[in-house]
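The lines below spell out each chain.
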Amino acid sequence: MTTNINPFLRVAPADGSANVHHYLNGQFYAGTSRRLAEVYNPASGQISGRVAFATKEEADQAVAAATEAFPGWSALPAVRRARILFRFRESVEKEKNRLALLISAEHGKVLEDAKGELVRGLEVVEFACGIPQLLKGEFSEQVSTDVDSCAFRQPLGVVAGITPFNFPAMVPMWMFPIALACGNTFILKPSEKDPSVSIELAQLLSDAGLPDGVFNVLHGDKEAVDALLNHSGIQAVSFVGSTPVAEYVYRCSTAAGKRVQALGGAKNHLVVLPDADVAQAADALVGAAYGSAGERCMAVSVVVAVGDRLGDRLVQELVPRVKSLKIGSGEVEGKEMGPLITRAHFDRVSSYIDVGIQEGATLVVDGRHWVVPGSASGFFLGGCLFDNVRPPMRIYREEIFGPVLCVVRVNDAGAALKLVNEHEFGNGASIYTRDGVAARAFVEQVKVGMVGVNVPIPVPMAFYSFGGWKRSLFGDHYMHGAEGIRFYTKLKTVTSRWPRTLNPGAEFVMPTAN
Ligand code: NAD
């Protein structure tokens, strides 16, 4: 059963037109292109809306609006920008339940998870509210006779964010609160699969007092993305999504002279050492592997069991947990896992189960043919568990992005570390153990960007920075925290002299403090 909470956004018009519009220069705008995408409620399998796709000309309009808004917004004292973000924070908090329902209805994740994503997004807003302190520069007096130096950071101009379907509110909120706090203007190109919450955020920003044109939402597909990547009026691009698109965005944006941070896919390992509390590790694993139906870039998709005895015990603990997952519409209280985002993604994830069987892995729990009563057309896949997975298998190498956990067995901690380090992705990895020395060695030697010790999903808080290594991130800056401030600003260093003596005359040698 689903609840229709927002008829304006959630009922697709009978004439086939789009009802999720762009938000440009403070106005909702239907756009001129006939191109659009259907938005589904993944729990019912029914179309819940249609989103307009932007043309290149509409991308130009978004850049023009953001360019016009930049001088006024960047000149506003940081404390006043912070106050607007603070009011926005308050209204998102107030609207949290409604927004969570909207996220759940388009993405499928369970309500509490949708609220959790909003809270994690709001933490970035809270961090950004400290912008007057965060933008404080450096000053040194008398670096030479009558000469002082100072350094401070200034905004870049118009920046763009291109975001994935799996966190339709949180990932945009990794980007725009910091970009705006620093004085930039922003164009968001959200995922076309669950686009409605971005429009709600735009409205709340406007209600909080954000001037028109400072934050714009441009919906679309590759055509809109390409227009943004190639537009000379955009200074920087933040991207989060799959690795092939992240690499493409990185190459196009850097070729066009832009600063870029492009976060890609993942295959996160959780290593369990023989001394770990196995029941505790199994509890952590079911949440981390099957929460949000595995559609999280920090989901654990591989568990590395050190030692065969531990492997047997772990699988024994996991099986009943995976079989008894409470699966259903995310909008229904008490569910642990919702559907996958689209029918196409459901088919793709299901096909990996066939691949794993063909490759010789042991399918211990088969989640295919899972039926949720009353939601026969929903995109539900039950939890799947593979044992005896080996590194050459595709189900080990490739990101599946669904409720599929692979157990790989190795003989010792060294082999577990080697496995993680040799994988092409390097987003996150965790270790479960009671041995502090082993944990410390893992933290020191593992080649990933975010590490957990007895923590299954080590997502950094907003005041730290989020990002992976290897093919999980293209670019030099991570998201939010100090890295976010650096990404959205450029440094200016000023050297000034107010001479006490009259004109000292021309100097032809390199200036020094002597
Ligand atoms: P995706 O790459 O398909 O789409 C991401 C964005 O790029 C969307 O806005 C989409 O419209 C656009 N896009 C898609 N194809 C494009 C193309 N050919 N050219 C230009 N733009 C294109 O990703 P998704 O399926 O929406 O999200 C899931 C992926 O995102 C997973 O791989 C997941 O690991 C990754 N992800 C990574 C992180 C991270 O922090 N590393 C966080 C969340 C999600």
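1. Some thoughts on the overall build of the protein chain
Counting its secondary structure elements, the protein chain contains 17 helices and 22 strands. Its C-alpha atoms give the protein chain a radius of gyration of 25 Å, near enough to 24 Å, the size a compact globule of 514 residues would have. Considering only C-alpha atoms, the protein chain reaches an extent of 85 × 65 × 40 Å along its principal axes. Burial status across the protein chain gives 58% buried among its 514 residues. Entry remark: accessible area of the protein chain is about 21,400 Å², with carbon and sulfur atoms responsible for 54%.

2. Here's the deal with the domain arrangement of the protein chain
Here the protein chain is described as being made up of domain 1 (22-264 + 472-492) and domain 2 (268-453). Opposite the 24 residues of domain 1 that make contact, domain 2 presents 25 residues. Summing the contributions of domain 1 and of domain 2, the shared interface buries around 2,000 Å²; its carbon and sulfur component is 59%. Three residues stand out in domain 1 for area buried against domain 2, namely Ala-43, Val-110 and Ser-472, and they jointly supply 25% of the buried area on that side. There are one salt bridge connecting domain 1 and domain 2. One salt bridge in this structure joins Arg-296 and Asp-113, with 3.0 Å as the shortest N-O distance. Looking at the side of domain 1 that touches domain 2, the elements that each hand over two or more residues are β3 (36-41), α4 (96-107) and α5 (111-128). In terms of residue class, the side of domain 1 that touches domain 2 is built from nine nonpolar, 10 polar and five charged.

3. Considering the sheet that holds strand β5 (residues 138-144)
Taken in spatial order, the three strands line up as β5-β6-β22 in an open sheet, and their pairing is antiparallel. With partners counted over all chains shown, the strands left at the sheet margins are β5 and β22 (489-497), one partner each. Direction aside, the axes of adjacent strands within the sheet are offset by 25° on average. Sheet topology note: the β5/strand β6 (residues 147-155) ladder contains four bridges and is antiparallel. Within β6, the residue paired with Ser-140 across the bridge is Ser-149.

4. Digging into unusual backbone geometry
Not every positive phi belongs to a glycine, and Asp-146 is a case in point at roughly 65°. By the element assignment, Asp-146 lies in the loop between β5 and β6. The class of Asp-146 is buried, set by a relative accessible area of 13%. Positive phi outside glycine occurs at Asn-454, with the angle close to 55°. Inspection of the secondary structure assignment puts Asn-454 in the loop between β19 (450-453) and β20 (469-470). Judged by its relative accessible area of 35%, Asn-454 is partly exposed.

5. What about the site of the ligand?
Around the ligand sit 27 residues, and of these Lys-189, Glu-192, Ser-242, Gly-264 and Glu-399 come closest. The side chain of Glu-399 places a nitrogen or oxygen atom 2.6 Å from an oxygen atom of the ligand. Protein contact buries 88% of the 840 Å² of open area that the ligand shows by itself. Here the ligand occupies the largest pocket.

6. Brief notes about helix α10 (residues 243-255)
Taking 1.5 Å per residue as the helical rise, α10 with its 13 residues ought to reach 18 Å, and the 18 Å between its terminal C-alpha atoms agrees with that figure. Those residues of α10 that sit buried are Thr-243, Ala-246, Glu-247, Val-249 and Ser-253. One side of α10 carries all its buried residues, which in axial view fall inside an arc of 160°. Seen from the buried face of α10, the exposed residues on the opposite side, beyond 90 degrees, are Pro-244, Arg-251 and Ala-255.

7. Topic: empty space enclosed by the protein
Sizing a probe to match a water molecule and rolling it over the atoms shows the empty space that remains. Inspection of every chain in the model, using the stated rule, returns four cavities of 30 Å³ or more. For the largest cavity, the lining is made up of 14 residues, of which Gly-294, Ala-299, Ser-301, Glu-399 and Phe-401 are closest to its centre. Each residue belonging to the lining of the largest cavity can be placed in one class, and the counts come to seven nonpolar, four polar and three charged.

Basis of the calculations
Residues numbered from 1 in each chain as written. Predicted model: local features only at pLDDT ≥ 70, side-chain atom pairs only at ≥ 80, totals over all residues. Heavy atoms only, no water. Helix = DSSP H or I, 4+ residues; strand = E, 2+ residues; numbered from the N terminus. Rg over C-alpha atoms; globule rule 2.2 N^0.38 Å. Buried < 20%, exposed > 50% of the residue type's maximum accessible area, 1.4 Å probe, protein only. Areas by Shrake-Rupley, 256 points an atom, 1.4 Å probe, with all protein chains shown as cover. Domains from an automatic or database assignment. Contact = heavy atoms within 4.5 Å. Buried area = accessible area lost by both parts, 1.4 Å probe. Salt bridge = Lys/Arg side-chain N within 4 Å of Asp/Glu carboxyl O. Nonpolar A, V, L, I, M, F, W, Y, C, P; charged D, E, K, R; others polar. Pairing = 2+ DSSP bridges. Axes fitted to C-alpha atoms, helices over the stretch in contact; angles between N-to-C directions. Near = heavy atom within 4 Å. Polar contact = N/O pair within 3.5 Å; in protein donor to acceptor, adjacent residues only side chain to side chain. 1 Å grid on protein atoms, 1.4 Å probe; cavity = no way out; pocket = protein on both sides within 12 Å on 5 of 7 lines; lining within 4 Å. Sits in = over half its atoms within 2 Å of the grid points. Expected span 1.5 Å × (residues − 1). Arc of directions from axis to C-beta. Points joined across faces, edges and corners; volume = space filled by probe spheres on them.

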